[in-house]
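Examination of the molecular architecture
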Amino acid sequence: MSTLAEQELQATGAAPSEADRKVWALLSAPAVILVGALGLFVYLSNATIDDSMKATLNGQVIATQIREHLVLSAVSTVIVLCIAVPLGIALSRKGAKVATPIVLALANIGQGAPAIGIIALLAVWLGIGFWVAILAMSVYSILPALRNTLVGLEQVDPALVDAGRGIGMSAPAVLFKVELPLAVPVILAGIRTTLVLNVGMAALAAFIGAGGLGNMVVTGVKLFQIPVLVTGSILIAMLALAVDWVAAIAERFLHPKGV
Amino acid sequence: MSDTNSNGGSGNGSGAQIELRNVTKRYAGQKIAAVDNVNLTIPAGEIVMFVGPSGCGKTTTMRMINRLIEPTDGEILIGGEDVRKKDPNELRRHIGYVIQAGGLFPHMTVADNIALVPKMLGWTASKIAERVREMLALVGLEPGQFANRYPRQLSGGQQQRVGVARALAADPPVLLMDEPFGAVDPITRAHLQDELLSLQDELSKTIVFVTHDFDEAVKLGDRIVILAEGSKIVQYDEPGAILANPADDFVRGFIGEGGAMKLLNVTRLADIELANVASAGPGDTAAQVLEKVNNSEVPWAVVLDDSKRPVRWITAETLAEIDGPIGDHSNADNGDHNAQITISGRSTVQEALEALLKADQNVVPVTVRRRYVGSVTLNVVQNAINQLRDKAKAGGRK
């Protein structure tokens, strides 16, 4: 028993240091964002900005674009979740496993194709606008969420599913009380990747008139307004980092206890 | 034991009889049946061990009892009721199920794991909480210390204990155990086996226990079923009978080397014929005792005290020197000595053999409730083995 107690002491002793390490990892993203913001501020203070640039580089316009950007990312992510998680669950069930390679191949095409290609093709086919952008983003970013839902459910120890059925839990009860809770960390990691992909892809929505921070990049390139281009690019990068950071925190709190 | 309780009522504590009639499992696309026409009656309240090589269908046979696998053909009755007439989930809630490493859900606390089945059966929260404490205490884990831990924070043996507690939580009459102690170290395994036996003394469940370890089967089983390919029953008998009289070479191979030694390990001294060694009280006269000694196999007598406890050994030479009552007369030169080593009638013959070797003498007194009942010699051990063999051959149950 004494050795057991020792092991436990070591285990609890190890836990805080591991947690500390994670706290540092979580703090690094805001630090980078802060440095980026400072850099941008210093750059803009020293750059020559004419009146036409000021029309783009004002707080209200930027705020609107950030909002648009976030709405694009959020809506497409929610749509992906509503499709990928149930689809992943369905594909992980017995009997549906034959369909898994086909569905994964399709999702792979979505991610394998260049993002700009998807968005351009869909615009040619369906016209421009918000929902076409959302569709393109969803096609592009569905793979990580879908694949991780599948992998997350597959890596649950089959003995636990057997134990659940063996003590009289119904199949849905085993899914919702055992399999999904244990798959949560992997599924969340997939969702986080999907979300970050969407934030990046939302920058391209500006090409088909769906708004977002991509507008600044498009304007900057078209009118050769380097400060606008730089501001747009850095803001997109910072937004992606920030969203990833929030997702990382969410992942940490949603992680099942005891695992 | 089998007549104590043969009804199938659930939650009444003790075990129910399990009966397999012509049970067959055939998987689609396979020519040979995984389980081929098995007929087996498992008496209520006994531990029956399924032993066989891997792939012989022993686990499949067990899993058909709680319908984790549906039989292709045949009937399975628990306490006289056909399991296929019940809802599978409801059925399984009344059959304890223990797998390797306990099968605990890592994201639930120990208490939540144990509470699962009572919750599904709709018990009240207070009754469940009480039951969880009771179960933890039953398997030797302090409830206050362990209830709120997660399985990861327990050792392998502790996890296995919680697994047993979870299986027993709703007090099912039948317990299915699928190689439960396969993943723990040998010392912990021996502990868990001992604990299971003492739990069973208290609970008298009907336990079906799958293992590939014949020694485990001998140690735990009231009966052993030896299964070959297709779950064919090669031999079904008590461990002693199988060891003494293996049905064929397959069983002999399974018993392995040292079958006779294993037999010694399942036979108790109280159940065999002991040596006729002269015994004497301090008041007996030397002449009387000497006469008894001359009629016995060994040239000594064991001297008992007033409560019939063995005290010392006295040789024929010493007895010849004494006139009248032997009293506490002793002559170390003749080889008289104190009876330091005695052995209880509850000990196994193997333990007696060890005592004989350790004692550096050819005879050790056997006591039951501290009273002398006879002695054990190497001859006794050998005769016991021969008799067990003869008995098993004559009985020839299969």
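The rules behind each value
Residues numbered from 1 in each chain as written. Chains lettered and ligands numbered in written order. Predicted model: local features only at pLDDT ≥ 70, side-chain atom pairs only at ≥ 80, totals over all residues. Helix = DSSP H or I, 4+ residues; strand = E, 2+ residues; numbered from the N terminus. Buried ≥ 20, exposed ≤ 12 C-beta atoms within 10 Å, placed from the backbone. Contact = placed C-beta atoms within 7 Å. Pairing = 2+ DSSP bridges. Axes fitted to C-alpha atoms, helices over the stretch in contact; angles between N-to-C directions. Nonpolar A, V, L, I, M, F, W, Y, C, P; charged D, E, K, R; others polar. Core = buried A, V, L, I, M, F, W, Y, C linked by C-beta atoms within 7 Å. pLDDT = per-residue confidence, 0-100.

**Considering the overall build of chain B**
Broken down by element type, chain B carries 15 helices and 17 strands. Along the first, second and third principal axes, the C-alpha atoms of chain B reach 85 × 55 × 35 Å. Every one of the 398 residues in chain B was classed for burial, and the buried ones make up 44%. In chain B, of all internal contacts separated by at least 6 residues, the share reaching a separation of at least 24 is 66%.

**Some remarks on the sheet that holds strand β5 (residues 81-82) of chain B**
All names here are of chain B. Judged by pairing direction, the sheet is antiparallel, and its 4 strands sit side by side in the order β2-β1-β4-β5 without closing on themselves. Strand pairing shows two members of the sheet lacking a second neighbour, β2 (35-42) and β5, which therefore form its edges. In terms of strand pairing, strand β4 (residues 73-78) meets β5 through 2 bridges, oriented antiparallel. Opposite L77, over in β5, you have D82 as the bridge partner. Helix α1 (residues 58-65) contacts β1 (18-25), β2 and β4 of the sheet and is inclined by roughly 120° relative to β1.

**Remarks on the interface of chain B and chain A**
The interface is formed by 21 residues belonging to chain B together with 18 residues belonging to chain A. Only α2 (88-93), β6 (95-99) and α3 (110-120) of chain B provide two or more residues apiece to the side of chain B that touches chain A. Considering every element that reaches the side of chain B that touches chain A, the biggest residue donor is α2(B), with 4 residues. Along the lines of polarity and charge, the residues of the side of chain B that touches chain A split into 10 nonpolar, 6 polar and 5 charged.

**Here's the deal with the nonpolar core**
By size, the foremost hydrophobic cluster in this structure holds 166 residues, and its most contacted members are A133(A), M49(B), V51(B) and V208(B). Here V208(B) is in contact with I18(B), I42(B), V48(B), F50(B), M62(B), I65(B) and L176(B), once residues within four sequence places are set aside.

**Quick word on the environment of K262(B)**
All names here are of chain B. For K262, the location among the structural elements is in helix α11 (residues 259-266). Since 21 C-beta atoms lie within 10 Å of it, K262 is described here as buried. Counting along the chain gives 87 residues from K262 to V349, while the straight-line C-alpha distance between them is 9.9 Å. Among residues more than four places away in sequence, those in contact with K262 are V218, L243 and I255.

**Some details on the sheet that holds strand β3 (residues 47-51) of chain B**
Residue and element names in this part refer to chain B. Ordered in space as β6-β7-β8-β3-β9-β10, the 6 strands form an open sheet in which the pairing is mixed. Whereas interior strands pair on both sides, the edge strands pair on one side only; in this sheet they are β6 and β10 (232-237). The mean inter-strand angle of the sheet, taken between neighbouring strand axes irrespective of direction, is 15°. As judged from the 5 bridges shared by β3 and strand β8 (residues 206-211), these two strands associate in the parallel manner. Bridge pairing in β8 links M49 to F209. The strands that helix α6 (residues 156-168) touches are β6 and β7 (174-178); relative to β6, the one it contacts most, it runs at about 165°.

**Some remarks on the confidence of the model for chain B**
Per-chain confidence: chain B averages 86 in pLDDT, with 95% of residues scoring 70 or above. Here the prediction assigns the complex a pTM of 0.75, and the interface score ipTM is 0.77.

**What to know about the pairing of β1(B)**
Residues and elements named next belong to chain B. As paired strands, β1 and β4 are joined by 5 bridges and run antiparallel to one another. Residue pairing in the sheet places I18 in a bridge with I78 of β4. Relative to β2, β1 runs antiparallel, the two being bridged by 5 bridges. Following the sheet pairing, K25 is matched in β2 by V35.

**Things to note about helix α7 (residues 158-166) of chain A**
Think of an α-helix as turning once every 3.6 residues; residues three or four places apart then point the same way. Those residues of α7(A) that sit buried are A163(A), G164(A), R165(A) and G166(A). Structurally, α7(A) contributes buried residues whose contacts are with α8 (171-202) of chain A together with α2 and β6 of chain B. Taken from the residues just after α7(A), G168(A) is the one with a positive phi, measuring 100°.

**Digging into the environment of H337(B)**
Residue and element names in this part refer to chain B. Relative to the helices and strands, H337 resides in strand β14 (residues 337-338). For the pair H337 and V35, spaced 302 residues apart in the sequence, the C-alpha separation amounts to 61 Å. When sequence neighbours within four positions are dropped, the list of residues in contact with H337 reads R312 and W313.

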